[in-house]
Amino acid sequence: MRTRPSTAALCALVMAALAVASSACSTVRTGGNIFTARGPGKNDPLSQPYVRMLPAPPKPNALPTEIVSGFLAAAASFDDPLRTVAKQYLTGDAQRTWSPFDAVMIYDQGEVKTDTPGDDLTQAHVTLKGVKLGELDGDSHYVPRDASASNDLSRGFTLVRVRGQWRISTAPAGLLLSNDDFKRAYRSFDLYFAAGDLEGLVIDQVWVPINPSQGLAKSLVQRLLAGPTTPLQDAVESAFGGDVDVSDVNDVTVEGDTVVVDFTSDVVDSARVARYKRALSAQLSWTLKPLTESRRIEVRVNGEQFPGGPFIIAPRDYQGYDPDVVDASAQALYLRQGRLYVIDKDKDEPLSAGAGPARQLTSLAVSDRSFSRVAALEKGGGRIWVTGAAPGSPWERWLEAPGLTPPSWDRHGDLWSVSRAGPRRSQVLRAREASRPVPVSAPDLEPTDVTAFRVARDGVRVAVVSDDGHGQQVLVGAITKSRTEVRNVRTLVPAQAGQEIADIAWRDASTLLVLTRSKNDRQLTAVSVTQGVTDTPRSAARIETITAAPEPAPVLAGTSDGQVLMWDTQKRQWTPLEKNGASAPMYPLG
Amino acid sequence: MATAPLPGSSGPARPGGRPKPKKKTRRTPRQIVRGVRRRARRAAGRVRRVWRRSLQLRVVTSTLMISMTVVAVLGFFLWQMIDTAILRGRLDSATAEARANVTTVESYLNQPLATPGKQTPSSQADDSELIFTSPVDQAANALTTRADGRYSVVILNAGQVGQDRGTNDVDSRSVPQKLRDTVYRAKDGETPAQYTPLYYVGRTEAVPALALGALVDGYEIYHFFPLDDDVKTLSAVQQWLFVVGVALVLLLAAVASLVTRQVVTPVRLTRQAAERLAAGRLEERLKVRGEDDLARLAASFNEMASNLALKIHQLEELSQVQRQFVSDVSHELRTPLTTVRMAADLLYESREEFDPATARAAELMQNQLERFESMLADLLEISRYDAGAATLDIDSVDMRDVVLRAVGDSQPLAERRATRLDLRLPGEPCMAEVDSRRVERILRNLLFNAIEHGEGRDIVVALGADRDAVAVAVRDHGVGLKPGEENMVFDRFWRADPSRARTIGGTGLGLAISREDAMLHGGWLQAWGIPGEGSQFRLSLPRQAGAELRGSPLPLVPPEIEMRRTWRGHATPVLSPAVEGAFDAD
């Protein structure tokens, strides 16, 4: 029995040791090396914060206006794509006929009014009045309102009593979203589709609805698989091919530094050809860039490794697919007495290319960053001359037609221009080599007077200044895949009385600079071809021609008095770069 | 040995209780239950035995119990402290954040309504810069940007339509009704809080969360801080506490076991040595290691053992000398006695020529000489036993003949004392391998003894036999034996009443020799007696020479006495044969 006390003593000893040890550990260090403090990692790096409308079922004994407001609010909630809660505001018949997928209309300054005072009636009429802002196409493509037409919105609701409660019996088809609702429920994303020979990408902007039960990234990939929007319908293709559709995305997750995009087995066929696989990778990495940042992307098939080795996309391998083609470091050329100069503060020597007799040249077009080909329009608009980069290469005559617009290169090395045979008779021309122009069909442009035709750097979009008799307007279209037609032409800047379009220039793949000239003023406006106006116009007195490259490359302008100006973004004014008869500055492409 | 009389352990020893093993009869539920109970009892008995026998087990178990209690209590308080600390910190930071957010919301809701300027969706090219016109959207947007997924906010307005907002994928059913009621009743500056499950849209399982509510201008603002990280931390801490606690308890048990082992092993060695010593191996000694208490115990034990051995040796020598002395004296006395006897015979034969007094003296001398001779013979006999020189002359005989011969020898004496001998012999022969001369002598001695103390009452001589043993019981109805005298009667020269004269002229060695004879056969000679009830002597012998005797065919206590005793309810337990055997081995 001698062991009992000794065990107890041992117990006490162990406990004491434990207490001492634990009290020694609990102190916090007060010195030591400097270390980087990392905050807590976000739960889902692919998600962005957003606000949701919480749908509420109709309140008992609500007034007709309250019912309509509640219906609009519940319909604006994106919790449930089928809008089950919103349908509770409808009568049984209306529930069957109304569908949220019919249309999406965005309005502002909305007001719900009733024209039937008193609630003893069996039927009530409520009107939603506001200003229409735009519509969302079925392919999530935002169509701004037609600025030329009236945009007052007036939508009527009819309400009847169902078991003593007001319910909507007729509602306008589709969703009516206020601007707030729209901004809350949708996020704009750029989709990228392959163009040309799958060597470049074209931006396509869509509005992706937020679906809280699946990540934004998954919604975005699903939308990418659904294909391009209407304006680019025939101009671009998706490397995923037609067999892969929305239902083929299983999930988009993050594993460490890799974003895993899980498809069904349909994607294996799409990536069978190496060219397609590269284009597909470029599409994915560029489309997901705003969410994934610089993370690598791994494509998996049904949760397993891609057959034939891991399919990992490193975004920097696909920089070459940039739709802008050139970056901010691009240099511009200008003309002085028929010779080509590079805009450079230190150098004032003409380029050796473009030898031969000095011609009266007005506008330039540069095919790429190394100036391998430069095209120029002869004064009078009858001929377009092209010279190579090699020293002493002569001017060759490529196009000869009446009333040619300033030339424009596309990224594939084709020269584009429009000839005007007479009033309202334009013909789009494409030339790959000297004196072999190919006419390109453009049904929307041919019966108008085209004064400018510029192919965007992505090689697909074209911006056109045309006049159909109601004044000059800026149109945007797309060159089809076969490169034989310009299609889907729509108005970007509508005609206004007393306004002329002096020049247009692509800043990047989706932004167009428009130089307008009214009676007493000239203005330069940046217009997003996917969204609408994005910039407040800046004054541009004296300016005749403009050229631009992706930001932060400065916008250059040629004046009528022989100067090349540069827009200084800090001072917010034009500063002269070159003088003494310098004209027609031009960045490569665009 | 000292096996405890366990109720369960004796049960299965009896195979008769089971059904016949050859026939596979179906066992009734009752039998099964009994079997289970029996097995359980047996297991419990085994455990109890181990428990009682192992000091180490007891010490380890009690250490386990105590340390488990201590660790459990300690762990509970530690857990409580950690839990409180983590949740308190979480609550504090959550409250601070929620209050700051409520202030932000207030400022948004109280600002003059934003002038509806030029609003086009394209004005938000940068999608990080969402500009809303309605204050509640502005507020909700500010909160969700600030929260950045760390917590969720729900804004509800019971009064207006279409003013309910939630951040990210929080589900509106997360808001508990109880909290809503409390928020409306809460005073200014109070932040009602509740631990509640937090639901997300599109996910079925809820996350434990801390909900904080506030009311601003009719807008209820609920903050949900998910606690899943804290829960994870806490459960990890809990697991660690458990693992550490279990490890600690096991460690303590191991330590206790080790310590006990260090103490118990020498004690066990000492016990084994003592057992061997008790078994007669006097040369047994312990190894002495070191100088601690246990070493001193071993040393003292060794000293005791050697002293004991010395004493035993001395006593053995002494008793050897005494026996030799008795033997020598008996031998030496014989030669003069022979001469004296011859002279006394002469005197006795010519006694009629002497005067009556002298003749009487010659007769007396003759008598006493005979007694002296028989005493000498007995002494010689007993010294032969002491020297271990006694041998058996074994022959298979019918015990009935032996009994009858002994009875025949005692008949004259019985007639003289007017005592009737009642014989109860079995009908068939009962053969046994015995030395009939010695057995006859035993029986004669018992009969003489019974006649002498029987006070003329009947003496019953019974012969019993079973498969292994035969027994003869001699019952008298004399004065009986006092308690404790049952063994003393076999001592040499012992007499019940020292004042009483020996009438039959016994030597006082008869019963001692009888017992030696019985033991030589491997049998028992036992006595029973109650004052006033008489006594009974029972001789039990194995049927085969050299076989071990397990029981006796006849009871030691006469059946009528036993019956009367149970009748009265005086349940003095009958001594089991095994115990009696131990007596006899003395």
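These numbers were taken from a predicted model, which means no experiment stands behind them.

(A) Quick peek at the overall build of chain B. Secondary structure summary: chain B contains 13 helices and twelve strands in total. Taking all 586 residues of chain B together, 25% fall into the buried category. By sequence separation, contacts in chain B at least 24 residues apart represent 67% of the contacts at least 6 residues apart.

(B) Representation of the overall build of chain A. A tally of helices and strands in chain A yields eight helices and 38 strands. Within the span of chain A, comprising 590 residues, buried residues form 46% of the whole. Within chain A, contacts between residues separated by at least 24 positions form 54% of all contacts whose residues are at least 6 apart in sequence.

(C) Just the sheet that holds strand β34 (residues 543–547) of chain A, in detail. Residues and elements named next belong to chain A. Pairing in this open sheet of four strands is antiparallel, and the strands run β34-β35-β36-β37 from one edge to the other. Strands at the two margins of the open sheet, each flanked by one partner only, are β34 and β37 (573–578). Neighbour-to-neighbour, the strand axes of this sheet turn through a mean angle of 35°, independent of strand direction. Examined bridge by bridge, strand β36 (residues 564–568) and β37 share five bridges and lie antiparallel to one another. Considered in β37, the bridge of Trp567 is made with Trp574.

(D) Spatial organisation of the environment of B:Ser107. Tracing the sequence through the fold places B:Ser107 in helix α2 (residues 55–110). Expressed as a C-alpha distance, the spacing of B:Ser107 and B:Ala139, which sit 32 residues apart in the sequence, is 8.6 Å.

(E) Structural view of the environment of B:Tyr385. Residue and element names in this part refer to chain B. One can find Tyr385 in helix α7 (residues 356–387). Separated by 131 residues in sequence, Tyr385 and Glu516 have C-alpha atoms that sit 7.2 Å apart. Not counting residues up to four positions away in its chain, the partners in contact with Tyr385 are Ala390 and Glu516.

(F) Here's a closer look at the pairing of strand β24 (residues 437–440) of chain A. Residue and element names in this part refer to chain A. Summarising the sheet, strand β23 (residues 425–431) and β24 pair through four bridges and their orientation is antiparallel. Its bridge partner lying in β24, Ala431 is registered against Pro437. Taking the residues that link successive antiparallel strands as the turn, the β23-β24 hairpin has five residues, and the phi of Ser435 there is positive, at about 60°.

(G) A look at the nonpolar core. Counting 201 residues, the largest nonpolar core has A:Ala375, A:Ile504 and A:Leu513 as its most contacted members. Among residues more than four places away in sequence, those in contact with A:Ala375 are A:Ala365, A:Ile384, A:Trp385, A:Val386, A:Trp398, A:Pro407, A:Trp409 and A:Leu415.

(H) Region of interest: α7(B). Residue and element names in this part refer to chain B. Taking 1.5 Å per residue, 32 residues should reach 46 Å; α7 reaches 46 Å between its end C-alpha atoms and fits that length. Turning to α7, its buried residues number three or more, namely Ala362, Leu379, Ile382 and Ser383. Where α7 is buried, its residues touch α6 (293–349) and α11 (510–520). Just downstream of α7, Gly388 is the residue with a positive phi angle, here 75°.

(I) Structural context of unusual backbone geometry. All names here are of chain A. In this model, Glu551 is joined to Pro552 through a cis peptide bond whose omega is 10°. Assignment of secondary structure puts Pro552 in the loop between β34 and β35 (556–559). A positive phi angle, near 50°, is found at Asn302, a position not held by glycine. Looking at where Asn302 falls in the secondary structure, it is placed in the loop between β12 (296–301) and β13 (304–305).

(J) Fine view of the sheet that holds strand β18 (residues 373–378) of chain A. All names here are of chain A. The strand order across the open sheet built from four strands is β17-β18-β19-β20, with neighbouring strands paired in antiparallel fashion. At either end of the open sheet lies a strand with only one pairing partner, and these are β17 (361–366) and β20 (396–400). If you compare each strand with its neighbour and ignore which way they point, the axes differ by 25° on average.

(K) The arrangement of the confidence of the model for chain B in detail. Residues and elements named next belong to chain B. When pLDDT is averaged along chain B, the result is 82, and 88% of the positions lie at 70 or above. Of the regions scoring below 50 in pLDDT, residues 1–20 engages in nine contacts with residues more than four places distant in sequence or in other chains. Low pLDDT, under 50, characterises residues 114–128; the predicted model gives this stretch 30 contacts beyond four residues in sequence or across chains.

(L) Quick look at the packing of helix α5 (residues 228–278) of chain B against α6(B). Residue and element names in this part refer to chain B. Viewed as axis vectors pointing N to C, α5 and α6 meet at an angle of 5°, and their least axial separation amounts to 10 Å. Accordingly, the angle class assigned to the pair α5 and α6 is roughly parallel. Seen from α5, the contacting residues are Pro266, Thr270, Ala273 and Leu277; seen from α6, they are Leu294, Leu297, Ala298, Phe301 and Ala305. Across the contact of α5 with α6, the residue classes tally to eight nonpolar, one polar and no charged.

(M) Inspection of the pairing of strand β7 (residues 175–178) of chain A at higher detail. Residues and elements named next belong to chain A. Burial along β7 is two-sided: the face carrying Leu175 and Leu177 and the face carrying Leu176 and Ser178 are both buried. With four bridges connecting them, strand β2 (residues 104–114) and β7 associate as parallel partners. Looking at the pairing, Met105 lines up with Leu176 of β7.

(N) The environment of B:His453, seen in detail. All names here are of chain B. Of note, His453 is situated in helix α9 (residues 436–453). Spatially, the C-alpha atoms of His453 and Asp476 are 7.7 Å apart, while their sequence positions differ by 23 residues. Setting aside residues no more than four positions away along its own chain, His453 makes contact with Asp476, Gly478 and Val479.

(O) Geometry of the packing of helix α6 (residues 216–225) of chain A against helix α8 (residues 274–292) of chain A. Residues and elements named next belong to chain A. Close contact between α6 and α8 brings their axes to 10 Å; oriented N to C, the two are set at 150°. Looking at the two axes, α6 sits roughly antiparallel to α8. Both α6 and α8 take part in a crossing whose hand is right-handed. For the pair α6 and α8, contact is made by Leu216, Ala217, Leu220 and Leu224 and by Gln283, Thr287, Leu288 and Leu291, respectively. Class assignment for the residues of the contact of α6 with α8 results in six nonpolar, two polar and no charged.

About the criteria used
- Residues numbered from 1 in each chain as written.
- Chains lettered and ligands numbered in written order.
- Predicted model: local features only at pLDDT ≥ 70, side-chain atom pairs only at ≥ 80, totals over all residues.
- Helix = DSSP H or I, 4+ residues; strand = E, 2+ residues; numbered from the N terminus.
- Buried ≥ 20, exposed ≤ 12 C-beta atoms within 10 Å, placed from the backbone.
- Contact = placed C-beta atoms within 7 Å.
- Pairing = 2+ DSSP bridges.
- Axes fitted to C-alpha atoms, helices over the stretch in contact; angles between N-to-C directions.
- Core = buried A, V, L, I, M, F, W, Y, C linked by C-beta atoms within 7 Å.
- Expected span 1.5 Å × (residues − 1).
- pLDDT = per-residue confidence, 0-100.
- Parallel < 35°, antiparallel > 145°, perpendicular 65-115°, else oblique.
- Nonpolar A, V, L, I, M, F, W, Y, C, P; charged D, E, K, R; others polar.
- Left-handed = near helix turned anticlockwise from the far one by under 90°.

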